[in-house]
4 protein chains.
Amino acid sequence: MHRLKPLPAYLQQRYHGWKATTYAENSSWYERLATEGQRPRAMVISCCDSRVHVTSIFGADQGEFFIHRNIANLVPPFEPDSGNHGTSAAIEYAVTVLKVSHLIVLGHSKCGGVQGCIDMCKGDAPDLQRKDSFVGRWMDILAPKFPEVEAISDPDEQAQAFEKLSVLASMENLVTFPFVAERVESGQLSLHGLWLNMGAGELEFYSPPADEFQPV
Amino acid sequence: MHRLKPLPAYLQQRYHGWKATTYAENSSWYERLATEGQRPRAMVISCCDSRVHVTSIFGADQGEFFIHRNIANLVPPFEPDSGNHGTSAAIEYAVTVLKVSHLIVLGHSKCGGVQGCIDMCKGDAPDLQRKDSFVGRWMDILAPKFPEVEAISDPDEQAQAFEKLSVLASMENLVTFPFVAERVESGQLSLHGLWLNMGAGELEFYSPPADEFQPV
Amino acid sequence: MHRLKPLPAYLQQRYHGWKATTYAENSSWYERLATEGQRPRAMVISCCDSRVHVTSIFGADQGEFFIHRNIANLVPPFEPDSGNHGTSAAIEYAVTVLKVSHLIVLGHSKCGGVQGCIDMCKGDAPDLQRKDSFVGRWMDILAPKFPEVEAISDPDEQAQAFEKLSVLASMENLVTFPFVAERVESGQLSLHGLWLNMGAGELEFYSPPADEFQPV
Amino acid sequence: MHRLKPLPAYLQQRYHGWKATTYAENSSWYERLATEGQRPRAMVISCCDSRVHVTSIFGADQGEFFIHRNIANLVPPFEPDSGNHGTSAAIEYAVTVLKVSHLIVLGHSKCGGVQGCIDMCKGDAPDLQRKDSFVGRWMDILAPKFPEVEAISDPDEQAQAFEKLSVLASMENLVTFPFVAERVESGQLSLHGLWLNMGAGELEFYSPPADEFQPV
């Protein structure tokens, strides 16, 4: 721990700039949020990818979205085995404590995690198949769905189809959580599956009647 | 899955606004990011809390930060047991695939997860002690540190001290990952511990020589 | 060449200070930039003037901006006559090789080059009118625009108006380069005209609808 | 010109942050610099490359360096042919108007312009050999020196040797300008050749007695 270096100067400067402008202009609201607690309307589960800024896309300011970000926006199935389940903990907190009204899963194009899963399922990524590969074991959540896209020959089409399946797999797993299923059933919570084509700026949503993703 | 409702209209409208403005003005850069891939300089591990927008604080635009968000910005210890470790997977991807240069853990004031951990450790939160409480079992990562702040009588001071300990605990666990330790040792990766007082807009960083958090 | 003197000691000392601090703290990122190559999002054309630091104004760190600086931030018209055109070469490299998304021309107040051009156009600077005056011949790029500000009687107002015209003249000349025009047309490149009032710290941008410079 | 887009929002925000902090803290000095004019001690000729920040390396603040940046930090020979010579104009202004005391040429490793020149000289870059290639014609300034490094077989060593030659070529051309030669002769101006190994953070200077670059 003695090797810690200072925060890069450009980040320090930008922080001071934020403090003197954005913070100064909104301090009253930030103080209320701190004093009265957050009351987000929605939880968003999206990817860690640096190119996906859900707050930007939806013009969301401080206090609006409770956001969990992990590799490939995956939700594991309900497993109350007393392990350290970070994603499940975030969902539990959002749904049972914060009582959010919407739960949005946001997938995206060119997802490195999903591509890795494809490579792994094809046998082209021995590193990801190792027991001690965290990325590989995390993508095991999605891997069982691979047969559904295996026949797609075009690599880009296959990747997009699998990215969309990652959203649907997460939504399926979400309803295995009793506290999610119960609130969806009672109408207190709605689930939404989205997929963003980053380069084109196109957002699509999963339409259950059509059983496909359609432009928002 | 037949219960899915459409995306709320206000979010649809904001998306279309983003598409016509922010996207349109930056489409060239977003297309390049999609085509050439991301190359973020830093990974940030922060809380899901809706009041913490790290990209805003640091004026970071698309492509700059790889961001993992979970309850209380916790990093579990290195456990290559083939389980679905979302946080470990995100760290592995950022460090070994993206080769980020900085790894920043950002804690914050009024953290609900940390407060829950305090309540649990004091025996005041039986729900969190249940085997099937995902939040409780996630906060088990931090719970062993509670004795270090147990004697602080003022609740606010105790919470802030424990929030800062959550940052330090994560940093300690980070170096138990061989690929993190190796790159820190070789100088290819630097670790940074930050804590944000949300209401006051004050950012503090952990200073190893002083062994305390100090204003940036 | 035998008259070369050592680098002044104060610069040597500052370099060693930078090496031990800024470099040491960011060595991993600098090594990656060296190994993987630059990928700047924008090119900036600004003046050589020692008072204009575009990286400071925009909190830009190593790797963000490709920067060409010349007297009065001028862009000559497209002239593929096989001469040594330094500005045209910089633009060609930024646009066709680096494929930057934004091209920013940054003018500023109290510009000595622009003032010289005014004096020259008024017949008050015989030195600048000489065939062998490099500054004079360089300012010939802007001189044809002088009639547009000739009637302004207040010298400061005239200078500011001409400084802003230098930005617009450069932008007009930029689109005479086929590779610029093509990428602007296709939406891959956007042009931005800025003018900085250095003393007041006020930044203005050219608004085409209003056809004037307005505060950012 | 009707296609102009607004300045990206992240740059607008960072500017406002700069205005409220760096500018606010230094407004008195910036106002003096605006009112009394600049008085830089040195001129620096460096590359446009986004990875080379000479102000950072030398801790230089507003007002210290008059900076010209072009592809590969080249100075063409003295050619008073009434053409638009941007580099020559910048040098003339710095030396005869601002009367700088030092003229520093700063080369660097991994220079794309120098590498392009190598490829062109080897016949591997037909695009750069075209009459209408601005980069190619600009690199013609350096090309005649290629035979001096042609025999170096290791590509990295060859590139570094040529990058250093680009600095020396510029210095040789500098003294072909009568106003430079005269002031160097009289001791009013000193020339300095530097080369930066960006990844390693190592700065070297040209030592005439040793006729080689040595660590600063």
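Quick caveat, the model's predicted, so the values are computed rather than measured.

Undergrad: Can you break down the packing of helix α1 (residues 9–36) of chain A against helix α1 (residues 9–36) of chain D residue by residue, with the values?
TA: For the pair α1 of chain A and α1 of chain D, the least separation of the axes is 8 Å and the interaxial angle reads 85°. The angle between α1 of chain A and α1 of chain D places the two elements in the roughly perpendicular class. On the side of α1 of chain A, the interface is formed by Arg14, His16, Gly17, Ala20 and Thr21 of chain A, while α1 of chain D contributes Arg14, His16, Gly17, Ala20 and Thr21 of chain D. A class-by-class count of the residues in the contact of α1 of chain A with α1 of chain D yields two nonpolar, six polar and two charged.

Undergrad: Which residues make up the UniProt feature "binding site: Zn(2+)" (unreviewed entry) in chain A, and what values do they have?
TA: Mapped onto this numbering, the UniProt entry annotates "binding site: Zn(2+)" (unreviewed entry) at Cys47, Asp49, His108 and Cys111 of chain A. For the residues just named, distributed over 65 residues, the greatest C-alpha separation is only 9.1 Å, placing them together at one site. When residues no more than four places from it in sequence are discounted, the contact partners of Asp49 of chain A are Arg69, His108 and Lys110 of chain A together with Gln38 and Phe66 of chain B. Looking at the element boundaries, Cys111 of chain A is found in the loop between β3 (102–108) and α4 (112–121). For Cys111 of chain A, a relative accessible area of 4% translates into the label buried.

Undergrad: Hey, could you go over the interface of chain B and chain C for me, with residue numbers and the actual values?
TA: If you look at the interface, chain B gives 24 residues, while chain C gives 23 residues. In this assembly, chain B packs against chain C so that about 1,700 Å² is buried in total across both faces, 36% of it on carbon and sulfur atoms. Looking only at chain B, the three residues that lose the most surface to chain C are Arg32, Arg39 and Arg41 of chain B, adding up to 43% of its buried area. At the boundary of chain B and chain C, one finds four salt bridges. We note a salt bridge from Asp61 of chain B to Arg41 of chain C, for which the minimum N-O separation is 2.7 Å. One can count 20 residue pairs in polar contact (both at pLDDT 80 or more) joining chain B with chain C. With eight residues, helix α1 (residues 9–36) of chain B is the single largest residue contributor to the side of chain B that touches chain C. Of the residues belonging to the side of chain B that touches chain C, the class tally is six nonpolar, 11 polar and seven charged.

Undergrad: Just give me the short version of the domain arrangement of chain A, but keep the residues and values in it.
TA: Residues and elements named next belong to chain A. If you check the domain split of chain A, you get domain 1 (1–37) and domain 2 (38–215). Between domain 1 and domain 2 lies a buried interface of about 360 Å² when both sides are counted; carbon and sulfur atoms form 50% of it. Among the residues domain 1 hides against domain 2, the three largest losses belong to Tyr30, Leu33 and Gly37. Together they make up 76% of the total. In this assembly, domain 1 and domain 2 are joined by zero salt bridges. Linking domain 1 with domain 2 are two residue pairs in polar contact (both at pLDDT 80 or more), by the criterion used here. Considered class by class, the residues forming the side of domain 1 that touches domain 2 number three nonpolar, one polar and one charged.

Undergrad: Explain the relation of the copies chain B and chain C to me, and be specific about the residues and the numbers.
TA: Aligned on chain C, chain B shows an RMSD of 0.0 Å; the corresponding rotation is 180° and the shift along the axis is 0.0 Å. As the rotation angle and translation indicate, the two copies are arranged about a two-fold axis. Nearest to the rotation axis, the C-alpha of Gly59 of chain B is located 4.3 Å from it, this being the minimum over chain B. Mapped onto chain C, 96% of the interface residues of chain B again fall at the interface, so both copies present the same surface.

Undergrad: Which residues make up the interface of chain B and chain A, and what are the values?
TA: In this assembly, 98 residues from chain B lie in contact with 98 residues from chain A. Remark: the boundary between chain B and chain A carries four salt bridges. Ionic pairing is found between Arg14 of chain B and Glu64 of chain A, a salt bridge with its closest N-O pair at 2.9 Å. The tally of links between chain B and chain A comes to 43 residue pairs in polar contact (both at pLDDT 80 or more). Looking at the side of chain B that touches chain A element by element, the count peaks at 15 residues for α1 of chain B. A breakdown of the residues in the side of chain B that touches chain A according to their chemical character gives 46 nonpolar, 30 polar and 22 charged.

Undergrad: Any chance you could break down helix α7 (residues 155–174) of chain A for me, citing the residues and the numbers?
TA: Note on helix geometry: an α-helix contains 3.6 residues per turn, so any two residues three or four positions apart are oriented the same way. Residues and elements named next belong to chain A. With 20 residues, α7 should cover 28 Å at 1.5 Å per step; its first-to-last C-alpha distance of 28 Å lies within 8% of that length. Counting buried positions over the 20 residues of α7 gives 14, a clear majority of the element. Looking at where α7 begins, the residue whose side-chain oxygen comes 3.1 Å from the main-chain nitrogen of Asp156 is Asp154.

Criteria and cut-off values
Residues numbered from 1 in each chain as written. Chains lettered and ligands numbered in written order. Predicted model: local features only at pLDDT ≥ 70, side-chain atom pairs only at ≥ 80, totals over all residues. Heavy atoms only, no water. Axes fitted to C-alpha atoms, helices over the stretch in contact; angles between N-to-C directions. Helix = DSSP H or I, 4+ residues; strand = E, 2+ residues; numbered from the N terminus. Parallel < 35°, antiparallel > 145°, perpendicular 65-115°, else oblique. Contact = heavy atoms within 4.5 Å. Nonpolar A, V, L, I, M, F, W, Y, C, P; charged D, E, K, R; others polar. UniProt positions renumbered as here; feature names shortened; annotations may be inferred. Buried < 20%, exposed > 50% of the residue type's maximum accessible area, 1.4 Å probe, protein only. Buried area = accessible area lost by both parts, 1.4 Å probe. Salt bridge = Lys/Arg side-chain N within 4 Å of Asp/Glu carboxyl O. Polar contact = N/O pair within 3.5 Å; in protein donor to acceptor, adjacent residues only side chain to side chain. Domains from an automatic or database assignment. Least-squares fit on C-alpha atoms with pLDDT ≥ 70 in both. Expected span 1.5 Å × (residues − 1).

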